[in-house]
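Read off the chains here:
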Amino acid sequence: QVQLVESGGGLVQPGGSLRLSCAASGFSFSSYWMFWVRQAPGEGLEWVSSITTDGARTYYRDSVKGRFTISRDNAKNMLYLQMNSLKSEDSAVYYCARDGLRTGSMYDYWGQGTQVTVSS
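Conventions used here
Residues numbered from 1 in each chain as written. Predicted model: local features only at pLDDT ≥ 70, side-chain atom pairs only at ≥ 80, totals over all residues. Heavy atoms only, no water. Helix = DSSP H or I, 4+ residues; strand = E, 2+ residues; numbered from the N terminus. Rg over C-alpha atoms; globule rule 2.2 N^0.38 Å. Buried < 20%, exposed > 50% of the residue type's maximum accessible area, 1.4 Å probe, protein only. Contact = heavy atoms within 4.5 Å. Lys, Arg positive; Asp, Glu negative; His and termini not counted. Charge placed at Lys NZ, Arg CZ, Asp CG, Glu CD. Disulfide = S-S within 2.5 Å. Core = buried A, V, L, I, M, F, W, Y, C linked by side-chain atoms within 4.5 Å. Phe/Tyr/Trp six-rings, centres within 6.5 Å; stacked < 30°, edge-to-face > 60°.

Participant: Which parts of the structure should I look at to understand the overall build of the protein?
Facilitator: In terms of helices and strands, the protein carries zero helices and eleven strands. N-terminal to C-terminal, the α/β element order of the protein is β-β-β-β-β-β-β-β-β-β-β. Radius of gyration (C-alpha) of the protein: 14 Å, near the 14 Å computed for a compact globule of 120 residues. Its C-alpha atoms give the protein principal-axis dimensions of roughly 40 × 30 × 25 Å. Looking at the protein residue by residue over its 120 residues, the buried ones come to 42%. At a minimum sequence separation of 6, the contacts of the protein that also span at least 24 residues come to 52%. Across the protein, the centroid of the 11 positively charged side chains sits 5 Å from that of the 10 negatively charged ones.

Written as structure tokens, this is what we have:
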């Protein structure tokens with residue numbers, strides 16, 4: 001069974017940092033692009049960042065460029081999101097997601113998510 005388990009969220013003050021982790025299992029992790037997406041209350045899923053299979057290319061939405069860094073460790077089946085200079089508008093449930101191109105959708109699996117709250 002495909003499993004994605006996020007961790008590392010919490011309450012942080014504006015300007016603070018968090019590192020999110022995603023433990024993947026049940027599939028060939030190194031064969032898939034991976035994504036971080038987020039969902040604020042009452043809002044839909046919002047794409048945050050992408051990373052290629054080998055980690056050579058990364059992509060970010062404009063609002064997080066220069067503040068967030070996506071990375072992966074294929075030997076450990078782990079995906080990470082380092083978040084610095086956090087803002088209140090970053091508050092959301094963050095999910096890691098697997099590339100769903102092979103199944104005809106943008107994402108085909110994601111985890112339960114981890115809550116990030118940025119507040120003073």
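So, next bit.
Participant: Where do I start with the state of the cysteines in this structure?
Facilitator: Each disulfide is one covalent bond, formed between the sulfur atoms of two cysteines. Enumeration according to the criterion identifies one disulfide in this entry. There is a disulfide in this structure between Cys22 and Cys96, and the S-S distance comes to 1.9 Å. On the sign convention where negative is left-handed, the bridge of Cys22 and Cys96, at about 55° about the S-S bond, is right-handed. In this pair, Cys22 is assigned in strand β3 (residues 18–25) and Cys96 in strand β9 (residues 92–99), connecting sequence segments 74 residues apart.

Participant: What exactly am I supposed to notice about the nonpolar core here?
Facilitator: Nonpolar side chains tend to gather and get buried jointly when the protein is soluble and globular. Core analysis: the biggest nonpolar cluster contains 27 residues, and Phe27, Trp36, Phe68, Leu79, Leu81, Met83 and Tyr94 have the highest contact counts within it. Considering every element that reaches this core, the biggest residue donor is β3, with four residues. What Leu79 contacts, discounting residues up to four positions off in sequence, is Leu20, Ser21, Cys22, Phe29, Met34, Phe35, Trp36, Ile51, Ile70, Ser71, Arg72 and Cys96. In this structure, Phe35, Val37, Tyr95 and Ala97 belong to the second largest nonpolar core, which totals five residues.

Participant: Mind showing me how you'd approach the packing of aromatic side chains here?
Facilitator: All told, the structure shown has four aromatic pairs when counted by the stated rule. Both rings, one in Phe27 and one in Tyr32, keep their centres 5.5 Å apart while their planes meet at 85°; by these two values the pair is edge-to-face. The same class applies to Phe27 as to Tyr32, namely buried. Relative to Tyr59, the ring of Trp33 lies with its centre 5.7 Å away and its plane at 10°, an arrangement referred to as stacked. Of the two residues, Trp33 sits in the loop between β3 and β4 (34–39) while Tyr59 sits in strand β6 (residues 58–60), which places them 26 residues apart along the sequence.

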